[in-house]
Amino acid sequence: MFTSKAKVSLALIAIAATFAGCSNMGGNAELDNLTASIVKASFRDEGIVKASVLDTDETNRACAAADVAGKPIDEALGRALEAQNLKSIKWPSNGVFLGDWKEGEKIAQNGRGLTWTDDAKTVNGGNCYNCHQIDNKEISFGTIGPSLYNYGKIRGVTDPKSPDAKLMVEYTWGRIWNSKAYNACSNMPRAGHMGILSEQQVRDLVALLLDPQSPVNQ
Amino acid sequence: MKSKTCVSLLLIFGFSAGVFAQKSAVQSIEEYRAMLQDGNPSDLFEAKGEDLWKQKRGPKKVSLEQCDLGKGPGVVKGVFTELPRFFADTNRVQDLESRLLTCMETLQGLSAADIAKTPFGKGEQNNLTALATWISAESKGMKFNLSQAHPQERTFFEVGKRLFFQRGGPHDFSCATCHGQDEKRIRLQDLPNLTKNPGDGVGFAAWPAYRVSNGQMWGMQQRLNDCYRQQRFPYPGFGSDATIALAVYLGVNSQGSASVAPAIKR
């Protein structure tokens with residue numbers, strides 16, 4: 001720990017020396033490297049959360065870099081990352097996309113799991129209501145994501161098992177499994193891809209959104 | 001106070017479904033918050049903090065009255081709205097809490113490393129929070145004006161910005177996921193946009209704060225720590241450079257906004 005601290009201090013001095021006398025801040029690569037070494041020295045394992053969860057993938061790195069630059073991600077890069085994420089989607093192993101909307105509602109309500117105060121036995125929730133309106137009877141919903149009330153109805157899905165609905169059913173599965181397949185820098189977690197939710201939990205959420213019996217589509 | 005809380009909770013949950021009810025619920029929460037302003041228990045922590053500042057403590061049995069928080073030894077008024085800043089003696093950018101640790105070690109002989117390792121809400125951490133509460137109160141109503149004159153201060157702003165947008169963990173969250181847009185909410189909780197100046201008494205300008213929901217007084221270090229917890233990030237060390245760089249980014253963005261600390265939160 002002391003070694004890493006000393007390294008950061010040395011890096012800081014080097015950076016400070018680089019910028020001394022400069023009124024304009026340049027050296028983005030140096031700042032990126034310094035940030036990485038500060039992250040390494042600052043964060044540690046706690047409970048079930050390992051510091052290594054910050055060793056993230058190309059999608060997150062590219063989107064964060066675009067955010068820092070204050071620009072949308074380069075179009076071609078964004079499309080390439082979307083294709084990469086799309087390819088990684090695991091489709092339902094038994095071919096069944098729709099589960100139980102009642103279970104889906106519970107998963108949508110549940111925001112638990114994967115923090116350092118949770119334990120390994122905690123069943124992960126979907127955190128859906130934190131950002132989306134879903135069943136309109138739930139008034140405590142967030143607004144970071146779009147409203148999903150009447151999700152299936154608006155999209156004309158009357159029978160999710162019909163061939164007409166196939167594309168929308170698959171899209172809904174894919175969007176929950178890996179939202180970055182459709183929007184590289186989406187704010188939405190990749191629930192299936194990152195192992196937050198199980199296949200059955202994703203099935204139940206697809207049902208919540210697309211089952212004509214679900215309160216979402218009333 | 002207790003009965004008021006019950007009444008407002010009834011107001012919050014007493015409405016039925018629909019858009020109308022939703023507006024009413026939000027209004028009720030506003031009323032609840034307004035009622036909270038009647039009495040802020042942070043007064044108690046302020047009094048404790050002021051006492052701790054003047055008390056001869058630690059192995060050296062010395063008070064903190066010669067502590068230099070940025071405006072010279074012993075000056076308390078106005079320091080809070082200029083922190084974090086660069087300190088020549090430690091050759092580091094420090095926030096209020098990490099600077100207090102330096103003083104507790106150099107003046108009083110307490111171990112900064114031991115206090116930094118102590119969990120929030122325990123032992124010397126409680127004293128540190130009380131000190132930060134009192135010191136912030138001494139700058140109440142003053143406008144944030146962080147220095148960006150020293151190269152390390154500018155470097156920390158740039159690092160803090162990168163930390164703010166850093167995406168990671170199982171949920172790919174960054175600070176910006178929740179705090180990067182105007183007028184968004186998590187559930188019913190309004191989220192300030194911290195990529196720019198969120199205004200007087202919002203975001204960086206509202207901590208330390210007393211949290212009614214858990215009856216705890218939190219400094220900025222604990223606020224950032226709990227954000228990272230909810231982000232599913234690993235544990236940021238107390239007073240670590242990551243937390244200080246992030247505070248520089250938030251503090252510089254709040255330039256000109258008035259501090260309401262110590263605030264009261266739901």
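A quick note: this is a predicted structure, and the numbers were derived from the prediction, not measured.

Moving on, we get to the overall build of chain A. The secondary structure content of chain A amounts to nine helices and one strand. Helices and strands appear in chain A in the N-to-C order α-α-β-α-α-α-α-α-α-α. Looking at the 218 residues of chain A, the share that counts as buried comes to 41%.

Quick look at the overall build of chain B now. In terms of regular secondary structure, chain B is built from ten helices and eight strands. Across chain B, the fraction of contacts at a sequence separation of at least 24, relative to all contacts at a separation of at least 6, is 67%.

We now examine the packing of helix H2 (residues 28–42) of chain A against helix H7 (residues 151–165) of chain B. Contact pair H2(A) / H7(B): the axes reach a minimum separation of 9 Å and the direction vectors enclose 70°. The angle between H2(A) and H7(B) places the two elements in the roughly perpendicular class. As for how H2(A) packs across H7(B), the hand of that crossing is right-handed. Residues Leu31(A), Asp32(A), Leu34(A), Thr35(A) and Ile38(A) of H2(A) touch H7(B), and the partners they reach there are Glu158(B), Val159(B), Arg162(B) and Leu163(B). Taken together, the residues of the contact of H2(A) with H7(B) sort by class into five nonpolar, one polar and three charged.

In this assembly, 43 residues from chain B lie in contact with 50 residues from chain A. Of all the secondary structure elements, the ones that give two or more residues to the side of chain B that touches chain A are helix H2 (19–36), H7, helix H8 (175–179), strand S3 (184–186), helix H9 (220–230), strand S7 (235–236) and helix H10 (241–253) of chain B. Summarising the sheet, strand S1 (residues 43–44) of chain A and S7(B) pair through two bridges and their orientation is antiparallel. Of the residues in S7(B), the one forming a bridge with Phe43(A) is Pro236(B).

Residue and element names in this part refer to chain B. Closest axis-to-axis distance for the helix H3 (residues 42–54)/helix H6 (residues 123–137) pair is 7 Å, and the angle between their directions is 100°. Classified by the angle their axes make, H3 and H6 are roughly perpendicular. Where H3 abuts H6, its residues Ser42, Phe45, Glu46, Lys48, Gly49, Glu50, Leu52 and Trp53 lie against Asn127, Thr129, Ala130, Leu131, Thr133, Trp134, Ile135 and Ala137. When grouped by side-chain class, the residues that make up the contact of H3 with H6 number eight nonpolar, five polar and three charged.

What follows is about the sheet that holds strand S8 (residues 263–265) of chain B. Residues and elements named next belong to chain B. One open sheet holds the three strands; their spatial order is S6-S5-S8, and the pairing between them is mixed. With one partner strand each, in any of the chains shown, strand S6 (216–218) and S8 form the two edges of the open sheet. Adjacent strand axes in the sheet meet at a mean angle of 30°, parallel and antiparallel pairs treated alike. One ladder, built from three bridges, connects strand S5 (residues 209–211) with S6; its direction is antiparallel. Pairing of Tyr210 across the sheet is with Met217, part of S6.

With that settled, consider H9(B). Among the residues making up H9(B), those that are buried are Met220(B), Gln221(B), Gln222(B), Arg223(B), Leu224(B), Asn225(B) and Tyr228(B). Arg232(B) lies just past H9(B) and shows a positive phi near 70°.

Residues Leu100(B), Leu131(B), Ile135(B), Ala245(B), Leu246(B), Val248(B) and Tyr249(B) are the most contacted members of the largest nonpolar core, which totals 71 residues. Ranked by the residues each element gives to this core, the list is headed by H10(B), at nine residues. With residues up to four places along the chain from it excluded, the contact list for Leu246(B) reads Gly160(B), Leu163(B), Phe164(B) and Leu224(B). Membership of the second largest hydrophobic core comes to 29 residues, among which are Leu148(A), Ala165(A), Ile176(A) and Leu209(A).

Residue and element names in this part refer to chain A. Across chain A, the average pLDDT comes to 91, with 88% of residues at or above 70. Low pLDDT, under 50, characterises residues 1–7; the stretch is placed with four contacts to residues that sit more than four places away or in other chains. Considering only residues more than four positions removed or in separate chains, one finds that residues 13–26, a stretch of pLDDT under 50, has 15 contacts.

Moving on, we get to helix H5 (residues 101–109) of chain A. Residues and elements named next belong to chain A. By the burial criterion, the buried members of H5 are Trp101, Gly104, Glu105, Ile107 and Ala108. Projected down its long axis, H5 carries its buried residues within an arc of 165°, all on one side. The inward-facing, buried residues of H5 contact helix H6 (128–131) and helix H9 (199–210).

Domain assignment breaks chain B into domain 1 (2–36) and domain 2 (41–266). Measuring from the centre of the C-alpha atoms in domain 1 of chain B to the corresponding centre in domain 2 of chain B gives 31 Å.

What follows is about the environment of Arg155(A). Topologically, Arg155(A) is positioned in the loop between helix H7 (151–154) and helix H8 (166–177). With 13 residues separating them along the chain, Arg155(A) and Met168(A) place their C-alpha atoms 7.9 Å apart.

To continue, consider unusual backbone geometry. Cis geometry is adopted by the peptide bond preceding Pro84(B), which originates at Leu83(B) and carries an omega value of 0°. One can find Pro84(B) in the loop between H3 and strand S1 (85–87). Put simply, Ala261(B) and Pro262(B) share a cis peptide bond, and its omega is 0°. In this structure, Pro262(B) sits in the loop between H10 and S8. The backbone of Asn127(A) shows a phi angle near 60°, a positive value even though the residue is not glycine. Secondary-structure assignment places Asn127(A) in the loop between H5 and H6. A tally of 26 C-beta atoms within 10 Å means that Asn127(A) is categorised as buried. In this structure, Lys61(B) takes a positive phi of about 50° despite not being glycine. Tracing the chain through its elements places Lys61(B) in the loop between H3 and S1.

Another aspect to go through is the confidence of the model for chain B. Residue and element names in this part refer to chain B. Looking at chain B as a whole, its pLDDT mean stands at 91, while 89% of the residues score no less than 70. Every residue in residues 1–21 is under pLDDT 50, and counting partners more than four places away or in other chains gives 20 contacts. At the level of chain-chain contacts, confidence expressed as ipTM amounts to 0.89, with global pTM at 0.89.

The rules behind each value
Residues numbered from 1 in each chain as written. Chains lettered and ligands numbered in written order. Predicted model: local features only at pLDDT ≥ 70, side-chain atom pairs only at ≥ 80, totals over all residues. Helix = DSSP H or I, 4+ residues; strand = E, 2+ residues; numbered from the N terminus. Buried ≥ 20, exposed ≤ 12 C-beta atoms within 10 Å, placed from the backbone. Contact = placed C-beta atoms within 7 Å. Axes fitted to C-alpha atoms, helices over the stretch in contact; angles between N-to-C directions. Parallel < 35°, antiparallel > 145°, perpendicular 65-115°, else oblique. Left-handed = near helix turned anticlockwise from the far one by under 90°. Nonpolar A, V, L, I, M, F, W, Y, C, P; charged D, E, K, R; others polar. Pairing = 2+ DSSP bridges. Core = buried A, V, L, I, M, F, W, Y, C linked by C-beta atoms within 7 Å. pLDDT = per-residue confidence, 0-100. Arc of directions from axis to C-beta. Domains from an automatic or database assignment.

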